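Single-letter residue listing:
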Amino acid sequence: METAMAAVVREAGAYGGLLYVLPPDDDALSLIMVTGVPDQLATPWRRVALSDPMPVADAVRERRLVWIGGQEELARRYPRPALVLPYDFALSAAPVGSGGTVRGGLVLLWSGARPPELAPVERELIESGCRLLGTIFQQAAERGDPVTVPERPRTVALPLPTGRTRPPDEAAAAAAFIDRLPGGCCALDLQGRITFVTPACAELLGRDREDLLGALPWEALPWMDVPEVEDRYRAALISRQPQKFTVLRPPGTWLAYELYPDPSGISVRITPTEPPESTPTEPSDSTPASPSESTPASPSDSAPASPSGPAAGPSRATLLYHLMQLAATLTEAASVQDVADQTADQLLPALGAQGMVLMTADEGRLRIIGHRGYSAELMRRFESVPLSSDIPVVRVLTTGLPGFYPSFAELQRDYPETVHEDGMAAWAVLPLIASGRPMGSLLISYRKRHPFPPGERAVLTSIAGLIGQALDRARLYDSKHDLAHRLQSALLPHQLPDIPGLRVVARYLPAARGLGIGGDFYDLIRLDEQTVGAAIGDVQGHNVDAAALMGQVRTAVHAHATVGSSPDRVLAGTNRLLNDLEPGLFTSCVYLHLDLATRRVRLATAGHPPPLLRHADGRTEPVLVPPGLLLGIEADCRYPTREVPLPPGCVLVLYTDGLVEAPGVDLDDAVAALAGLLEDEDPADLDAMADTLIRHAPTPGDDIALMLIGAG
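Each residue is numbered by its place in its chain's sequence as written, counting from 1. With the structure being a predicted model, the display of local features is reserved for residues of pLDDT at least 70 and the display and counting of side-chain atom pairs for 80 or more, all residues being used for whole-chain, interface and lining totals. Only hydrogens and water are set aside when side-chain values are computed; all heavy atoms of the structure are taken into account.

Caption draft 1: Molecular detail of the overall build of the chain. For the purposes of this entry, the term helix denotes a DSSP run of H or I that reaches at least four residues, the term strand denotes a run of E that reaches at least two, and both are numbered from the N terminus. A tally of helices and strands in the chain yields 20 helices and 28 strands. Contacts: residue pairs with any heavy atoms within 4.5 Å of one another. In the chain, 63% of the contacts between residues at least 6 apart in sequence involve partners at least 24 apart. Note on areas: Shrake-Rupley with a 1.4 Å probe; residue coverage comes only from the protein chains shown. When the accessible area of the chain is evaluated, it comes to approximately 31,900 Å², of which 53% is carbon and sulfur surface.

See the structure below:
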């Protein structure tokens, strides 16, 4: 697999790639392999849901290659990753699969200097490489050793291009050449660590070479731990283009940096320079500037590192990038469960943490609404704990003050009764603030001791604030969603009447967008011992107004039907009522009378899709009735009727347009396709028939109501 991935990256002319696997029965892609870039850069996207607005999710879900030719196109089509990677680069995302099964996805990265269009030969190389990777996935599954998701994605080293033969004295000549250059030079690997330092460079930086080798610049040098520095390093890695910036080495030495990237790392040249015309007077942790500009970076008084060694935990810039990613993700989280899942998916890999618990309060007790890294049994022990309990998560929830515990000894110092039972070594307990008040708490835990430097504490508290606001919005959404469903349930029949000699099955599926409430309705009415009425309709819209009008229409149809009105009079009377109400919404409807003695159906329609009649021999045809106007347009309308037989073994199918309508599809063709599905179904099993029709419906952008009436 490593060889195949390295080959497709090299042959496509890309500088790096990310390989994802789609585990069976999962709805998210997991990152398993990275090449050409540090795996830390891919941390926000280690797990990508198929519904996420991301190139690789679209490629896998739609089974097509997605091409992004540059920074502007990425920002326009996929603003979430563009916010975190504001650099000039190109990418492709393609499904990885074999035998008609999609098993993962592959993302390839190019320098922003390449042509904006993908050449046909490049496309073929990518697609053939994905097929090869898909075959490897399939073979692994057939061996009983399927590809699994590692704790961290595997890093694959790309072979360096073959070069010329080096003469024996070249190293000495290169060293002399470097020494003659003004300023100093150093080299970084793809992870950002220093691999080479000239004596002049060490002198400019004010550190011994031994202290610099193997360290990250912003860890070894506290005055470089500012977002601009790491931003330019990231820009060089992602865009593969030179970058320039200046940094103030305290107390008054300005240094100019030039970064030159290639597949093996980054060469850095450092020279003394004059102060920039506009010198910042205080540190700034604002969003990184565009990498095409030269931005001075100023020292920070709160740098988490010290001259004696690197600090533990992510750098301030890394945390800021993850803060932006989480903020973008939470704007798309609708429900409380979405917030809990996104928080766990984004925070744990970003912070290097192993555990998370998201909690809120309800009726004086603690409620756990999401967790990761803990057993369900342990969580059950803390569920419903009274808010009077003296434990960290309760105190934070009630006071709104965060708590940071780098070790169990420090936790036990504040809470002597605490028992060490979760296997973790460090904890951050953060308040979830919304509308100025704590409404929950967030526990982040680590298996190893974690110092929580001041800069990280500030960012963690900010992250918790974002989560609190998102959770507050999500709880409101869930409340509205629950109210909408209860309203819809109240307006639709709770139970259809049981009528001897007749089999009836109904389904209702709300639209995929909005509150999941709409104007579709159905009804079955027992009129007398020999007569049954049935109706199905669709009120324009997908909101509470549509649902309210639907309740009025259904009531009007029911009222006119129960006094013995014929189908045409039922629709005419309902139409007059709607015109009197002037709701500003229109309604389509089919109403029918079924005579159980004669086995005949008389029906009328108000602008509704035609019912389908499946005969006992499987032949299926639409029941075409001269349509009347939609209800609510004109007060005086006539609704022609038609009578058809419904002998034993036949099934009459009533449905709303959400079952057949799709963009770019002719309605007659869609109805014919629906009839084709019915021909192969067993008329004795109406439940299975209904499930088949719902399963083959277009993606529900509209409500769907369905009622099957089978003659016994």
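From this point, the discussion proceeds with the structure in view.
Caption draft 2: Seen up close, the layout of surface pockets. Space inside and on the surface of the protein is sampled on a 1 Å grid over the protein atoms alone, with a cavity defined as a set of points where a 1.4 Å probe fits but cannot get out and a pocket as an open set with protein on both sides within 12 Å along at least 5 of 7 lines; lining residues have an atom within 4 Å of a point. Grid points are joined across faces, edges and corners, and a volume is the space filled by probe spheres set on the points. The volume enclosed by the second largest pocket comes to roughly 520 Å³. Along the walls of the second largest pocket sit 26 residues, with Phe-382, Ile-391, Pro-392, Thr-418 and Glu-421 positioned nearest its centre. Of all the elements in the fold, those that place two or more residues in the lining of the second largest pocket are strand 14 (355-362), helix 13 (376-382), helix 14 (392-399), helix 15 (408-414) and strand 17 (426-434). The element contributing the most residues to the lining of the second largest pocket is helix 13, with three residues. When residues are sorted by character, Ala, Val, Leu, Ile, Met, Phe, Trp, Tyr, Cys and Pro go into the nonpolar class, Asp, Glu, Lys and Arg into the charged class, and all the rest, Gly among them, into the polar class. Class assignment for the residues of the lining of the second largest pocket results in 20 nonpolar, two polar and four charged.

Caption draft 3: Focus on the side chain of Ser-588. Mapped onto the elements of the fold, Ser-588 is located in strand 22 (residues 587-595). If we skip the residues at most four places from it in the chain, Ser-588 touches Ile-536, Gly-537, Asp-538, Ala-606, Gly-607, His-608 and Leu-630.

Caption draft 4: Quick look at the pattern of salt bridges. Basic side-chain nitrogens of Lys or Arg form a salt bridge, by our definition, when they fall within 4 Å of a carboxyl oxygen of Asp or Glu. According to the stated counting rule, one finds 25 salt bridges in the structure shown. A salt bridge links Asp-390 to Arg-395; its shortest N-O distance comes to 2.8 Å. Its salt-bridge partner being Glu-643, residue Arg-602 comes within 2.9 Å of it at the nearest N-O pair. Taken together, the residues span a long stretch of sequence, with Arg-602 in strand 23 (residues 600-606) and Glu-643 in strand 26 (residues 641-645) at a distance of 41 residues. Throughout this description, buried means an accessible area under 20% of the type-specific maximum (1.4 Å probe, protein chains only), exposed means over 50%, and partly exposed covers the range between. According to the relative accessible area criterion, Arg-602 is partly exposed, its value standing at 33%. Connected through salt bridges with shared partners, the residues Asp-26, Arg-47, Asp-345 and Arg-372 form a single ionic network.

Caption draft 5: Representation of the environment of Leu-348 in the model. Tracing the chain through its elements places Leu-348 in helix 12 (residues 336-351). We classify Leu-348 as buried; its relative accessible area is 8%. Spatially, the C-alpha atoms of Leu-348 and Ile-444 are 8.1 Å apart, while their sequence positions differ by 96 residues.

Caption draft 6: Representation of the pairing of strand 2 (residues 28-35) within the structure. Of all the eight residues making up strand 2, eight are buried; the element is thus mostly covered by neighbouring parts of the structure. Any two strands are treated as partners once DSSP identifies two or more bridges connecting them. In textbook terms, the turn of a hairpin is the stretch between consecutive antiparallel strands, and for strand 1 (residues 16-21) and strand 2 this stretch comprises six residues, one of which, Asp-25, has a positive phi near 60°.

Caption draft 7: How the structure looks around the pairing of strand 15 (residues 365-372). In terms of strand pairing, strand 14 meets strand 15 through seven bridges, oriented antiparallel. Within strand 15, the position partnered with Asp-362 by the bridge is Arg-365. Connecting the antiparallel pair strand 14 and strand 15 is a turn made up of two residues, with Glu-363 showing a positive phi of about 50°.

Caption draft 8: Inspection of unusual backbone geometry at higher detail. The omega angle of the peptide bond from Pro-250 to Pro-251 is 5°, so this bond is cis rather than trans. We note that Asp-25 has phi near 60°; this positive angle belongs to a residue other than glycine. By secondary structure assignment, the location of Asp-25 is in the loop between strand 1 and strand 2. A relative accessible area of 86% places Asp-25 in the exposed class.

Caption draft 9: Here's a closer look at the sheet that holds strand 18 (residues 437-446). Spatially, five strands are ordered 15-14-18-17-16 in an open sheet, and the strand pairing comes out antiparallel. Two strands close off the open sheet at either side, each with one partner strand: strand 15 and strand 16 (403-405). Looking at each pair of strands side by side, their axes are set apart by 20° on average, direction ignored. Across the face of the sheet, helix 12 comes into contact with strand 14, strand 15 and strand 18 while running at roughly 55° to strand 15. Each axis is a line fitted through C-alpha atoms, and for a helix only the stretch in contact is used; angles between axes span 0 to 180 degrees, taken between their N-to-C directions.

Caption draft 10: Examining the sheet that holds strand 25 (residues 620-622) more closely. Spatial strand order, 19-28-27-24-25: five strands in an open sheet with antiparallel pairing. Of all the strands in the sheet, the pair left with one neighbour each is strand 19 (502-509) and strand 25. Pairs of neighbouring strands in the sheet enclose a mean axial angle of 15°, with direction left out of account. Alignment of strand 24 (residues 612-614) against strand 25, held across three bridges, turns out to be antiparallel. When the sheet's bridge partners are listed, Leu-612 is paired in strand 25 with Pro-622. In this fold helix 19 (residues 667-679) packs onto strand 24, strand 25 and strand 27 (651-655), with an angle of close to 25° to the strand it touches most, strand 24. The strands touched by helix 20 (residues 686-695) are strand 19, strand 24, strand 27 and strand 28 (704-711); relative to strand 19, the strand with the most contacts, the crossing angle is about 30°.

Caption draft 11: Quick look at the environment of Ala-464. Topologically, Ala-464 is positioned in helix 16 (residues 454-491). For the pair Ala-464 and Val-429, spaced 35 residues apart in sequence, the C-alpha to C-alpha distance is 9.5 Å. Excluding anything up to four places from it in sequence, Ala-464 contacts Leu-430, Pro-431 and Leu-432.

Caption draft 12: Summary view of the nonpolar core. To define a nonpolar core, start from buried Ala, Val, Leu, Ile, Met, Phe, Trp, Tyr and Cys residues and group those joined through side-chain atoms within 4.5 Å. Formed by 64 residues in total, the largest nonpolar core has its most connected members in Tyr-20, Leu-205, Tyr-257 and Ile-270. Counting residues per element, this core draws most heavily on helix 10 (residues 227-239), at six residues. Not counting residues within four places of it along the chain, the set of residues in contact with Tyr-257 comprises Leu-205, Trp-223, Met-224, Gln-243, Lys-244, Phe-245, Val-247, Val-268, Arg-269 and Ile-270. In this structure, Ile-525, Ile-536, Ala-572 and Met-707 belong to the second largest nonpolar core, which totals 50 residues.

Caption draft 13: Spotlight on empty space enclosed by the protein. On inspection of all chains with the given rule, the structure shows three cavities of 30 Å³ or more. Taken together, 19 residues form the lining of the largest cavity, with Leu-18, Trp-45, Leu-85, Val-107 and Leu-109 sitting closest to its centre. Listed by contribution, the elements that provide at least two residues to the lining of the largest cavity are strand 1, helix 2 (55-62), strand 5 (89-98) and strand 6 (101-111). In terms of residue class, the lining of the largest cavity is made up of 19 nonpolar, no polar and no charged. Within this model, the second largest cavity holds a volume of roughly 140 Å³. Around the second largest cavity, the lining is made up of 15 residues, and of these Leu-188, Pro-217, Met-224, Tyr-257 and Val-268 lie nearest the centre.

Caption draft 14: Examining the side chain of Thr-531 more closely. Here Thr-531 shows up in strand 21 (residues 531-539). Overall, the relative accessible area of 16% leaves Thr-531 in the buried class. Beyond its immediate sequence surroundings of up to four residues, Thr-531 is in contact with Ile-525, Arg-526, His-593 and Leu-594.

Caption draft 15: Spotlight on the packing of aromatic side chains. The pairing test for Phe, Tyr and Trp rings, Trp by its six-membered ring, is centres within 6.5 Å, and the orientation test on the planes gives stacked under 30 degrees, edge-to-face over 60, and tilted for anything in between. Tallied over the full model, the rule gives seven aromatic pairs. On the numbers, 5.3 Å between centres and 70° between planes, the contact of Trp-67 with Trp-110 is edge-to-face. Here the residue Trp-67 occupies a position in strand 4 (residues 66-68), and Trp-110 occupies one in strand 6, the gap between them amounting to 43 residues. Judged by relative accessible area, which is 10%, Trp-67 ranks as buried. With a centroid separation of 5.6 Å and 75° between ring planes, the pair formed by Tyr-446 and Phe-452 is classed as edge-to-face.

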